[in-house]
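# Fold and geometry: a report
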Amino acid sequence: MNETGIAPSRYPLGRHALSLLPLLVMVAAFFLALGGEGEIAGHFHRLRQGFPGPTAAVLWLSEYGNIPFYLGYALILAHALRTRRTSTARFVLHYLVMLGLLLLVADIMKIWIGRPRPYVGGECIVLSLKKSWHSLPSNHMTETVFTVMSLVLFLKRAPVTIAGAAWIAVMGFTRIY
């Protein structure tokens, strides 16, 4: 307790770590099984070439997989407004503002880092304004992790944490694939 008599809240680091664990294990397994970044990229390039049907599905999921979350946030906001739960409505509005700011920061980082996209190759070009040199950080994964973690930390339910962890790993796979 502090001087106001209110117990300070603790950041749920365990829930956060659990949500990211499947993604980290998957990436580590790729490195252990396939070698370095070039070998991983080559493996998935060959996989994409050999299996165009599943590749189309994975690419579609990668591109549109976060859309259901927006519907979920819209439903949460509608329910909060209908039931006059201002703290929940504030959560959704804060999420939207922070997502916009986070994606802006990620775009600035892309320019600053200048890492080429996998199909371009070559070295990083710092402060590049060419889109083909804007691959890191991935906006898809930035959006996925922030969107899922916001729900996980807001709802504080084990099934949400487990499902969120799985979704982060699935979306991470689609970005590597």
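Let me sum up the structure you'll find in this document.

What counts, and at which threshold
Residues numbered from 1 in each chain as written. Predicted model: local features only at pLDDT ≥ 70, side-chain atom pairs only at ≥ 80, totals over all residues. Heavy atoms only, no water. Axes fitted to C-alpha atoms, helices over the stretch in contact; angles between N-to-C directions. Helix = DSSP H or I, 4+ residues; strand = E, 2+ residues; numbered from the N terminus. Parallel < 35°, antiparallel > 145°, perpendicular 65-115°, else oblique. Contact = heavy atoms within 4.5 Å. Nonpolar A, V, L, I, M, F, W, Y, C, P; charged D, E, K, R; others polar. Buried < 20%, exposed > 50% of the residue type's maximum accessible area, 1.4 Å probe, protein only. Patch = residues over 30% accessible without salt bridge, like charges linked within 9 Å, V, L, I, M, F, W, Y side chains within 5 Å. Areas by Shrake-Rupley, 256 points an atom, 1.4 Å probe, with all protein chains shown as cover. Salt bridge = Lys/Arg side-chain N within 4 Å of Asp/Glu carboxyl O.

### Details of the packing of helix H1 (residues 13-34) against helix H2 (residues 37-50)
It is the contact of H1 with H2, at a shortest axis distance of 9 Å, that shows an interaxial angle of 95°. It follows that H1 is roughly perpendicular to H2 by the angle criterion. For the pair H1 and H2, contact is made by Phe-30, Phe-31 and Leu-34 and by Glu-37, Glu-39, Ile-40, His-43 and Phe-44, respectively. When the residues that make up the contact of H1 with H2 are grouped by side-chain class, the tally is five nonpolar, one polar and two charged.

### So, the side chain of Thr-88
Residue placement: Thr-88 occurs in helix H5 (residues 86-113). On the basis of relative accessibility, which here comes to 15%, the residue Thr-88 falls in the buried class. Apart from the residues within four sequence positions on either side, Thr-88 is in contact with Ile-76, Ala-80 and Phe-154.

### Considerations on a nonpolar patch on the surface
On the surface, Val-97, Met-98, Leu-101, Leu-104 and Ile-108 cluster together into a nonpolar patch covering about 460 Å² of accessible area. Checked against the element boundaries, Met-98 lands in helix H5.

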